[in-house]
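Structural features, examined
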Amino acid sequence: MNDNNTPNDWLFEITPKNKFFSLNLKEVWQYRDLLFLFVKRDVITVYKQTVLGPLWYLIQPLFTSVTFTIIFNNVAGIDTGTVPPFLFNLAGITVWSYFTACLTGTSDTFKVNAAIFGKVYFPRIITPLSVVISNLIKFGIQFLIFIAFYLFYYFTGSNLTINNTLILFPILIAFMGILGLGLGMLISSLVTKYRDFTYLVSFGIQLLMYLSAVMYPMELIKKKLPEFGWLVEYNPLAYIIETARYMLLDIGEISLLGLIYTLTITILVFFIGLLFFNKTEKSFIDTV
């Protein structure tokens, strides 16, 4: 194009989208091959140069479950009823690990992918979506380990029953993934200006785990520490963990109001995260 041409002579002009809440699902579908490549990258390269490789998918929840069983059940004396303490902890940790993987993996989207974002165009939402999908594969592997231990305890005489609501378990995991995605997009947007959030995530996740009923029933904290019970009661993650154990181990109960509250918070957090994400992608390259 010569120097006499005006900007209107360009055939195409790429400009930021004005719709803050736009998911660009049509565009995401057009770039689905790139999405699958990102998923493959996330699954293969994470442990590519490690000695144990994908075995880390199994080692982390197993060792954490053993540690929780020793500390919270054997030492602190937390009762899990007819369910073996190790299986009780493994159920909570398996579901919790999916949330933490989604949150940590998406919380630094702009910082990690700045080089790619600055060179080529594609729907930016693809990168956090790929993290959620790739971690779903990791969750599937860990869930198979849970099933293996469930069958072991079942055939060795433990009083275990399957709950009829188990068919709804995938919906519960979807809640966890969407909540992690929403929080991750929100934090990744804030990290572009405030790097302190990077350190806050690792610390906050550890603290949040203790407030999410991962290693104890919700009723226990309400009975033992009623003055702090509200911290757990208003935590949507606690209802997801509690409901997951009810579906998998037929222990505890399902709070319908708690699930409605969880769904409301999940949708709200997702759209707030999407709002900040879409707004940040227009100018993040100047601050990262």
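Structural notes, computed from the coordinates. (Residues numbered from 1 in each chain as written. Predicted model: local features only at pLDDT ≥ 70, side-chain atom pairs only at ≥ 80, totals over all residues. Heavy atoms only, no water.)

1. Section: the overall build of the protein chain
Within the protein chain, the secondary structure is distributed over 13 helices and 0 strands. Reading the helices (α) and strands (β) of the protein chain from amino to carboxyl end gives α-α-α-α-α-α-α-α-α-α-α-α-α. Looking at the protein chain as a whole, 43% of its 288 residues qualify as buried. Taking the intrachain contacts of the protein chain between residues at least 6 apart in sequence as the baseline, contacts between residues at least 24 apart amount to 80%. Entry remark: accessible area of the protein chain is about 16,200 Å², with carbon and sulfur atoms responsible for 67%. (Helix = DSSP H or I, 4+ residues; strand = E, 2+ residues; numbered from the N terminus. Buried < 20%, exposed > 50% of the residue type's maximum accessible area, 1.4 Å probe, protein only. Contact = heavy atoms within 4.5 Å. Areas by Shrake-Rupley, 256 points an atom, 1.4 Å probe, with all protein chains shown as cover.)

2. Comments concerning the side chain of Thr243
Assignment of secondary structure puts Thr243 in helix α12 (residues 236–249). Residue contacts for Thr243: discarding those within four places in its chain leaves Leu172, Ile254 and Leu259.

3. Some remarks on the nonpolar core
Judged by nonpolar contacts, the single largest core of 66 residues is most densely connected at Phe146, Phe169 and Leu249. Here the element with the most residues in this core is helix α4 (residues 85–106); it accounts for 12 residues. The contacts of Phe169, once residues within four sequence positions are left out, are Val95, Phe139, Phe143, Ala244, Met247 and Leu248. (Core = buried A, V, L, I, M, F, W, Y, C linked by side-chain atoms within 4.5 Å.)

4. So, the packing of α4 against α12
Between α4 and α12, whose axes approach to 10 Å, the crossing angle comes to 130°. Between α4 and α12, the angle is such that the two are oblique. Helix-helix and strand crossings are classified by hand; for α4 and α12 the assignment is right-handed. Listed contacts from α12 to Leu87, Phe88, Ala91, Gly92, Val95, Trp96 and Phe99 of α4 are Leu237, Ile240, Ile241, Ala244, Arg245, Leu248 and Leu249. Residue classes in the contact of α4 with α12 are distributed as 12 nonpolar, 1 polar and 1 charged. (Axes fitted to C-alpha atoms, helices over the stretch in contact; angles between N-to-C directions. Parallel < 35°, antiparallel > 145°, perpendicular 65-115°, else oblique. Left-handed = near helix turned anticlockwise from the far one by under 90°. Nonpolar A, V, L, I, M, F, W, Y, C, P; charged D, E, K, R; others polar.)

Just distances and angles here, no functional claims.
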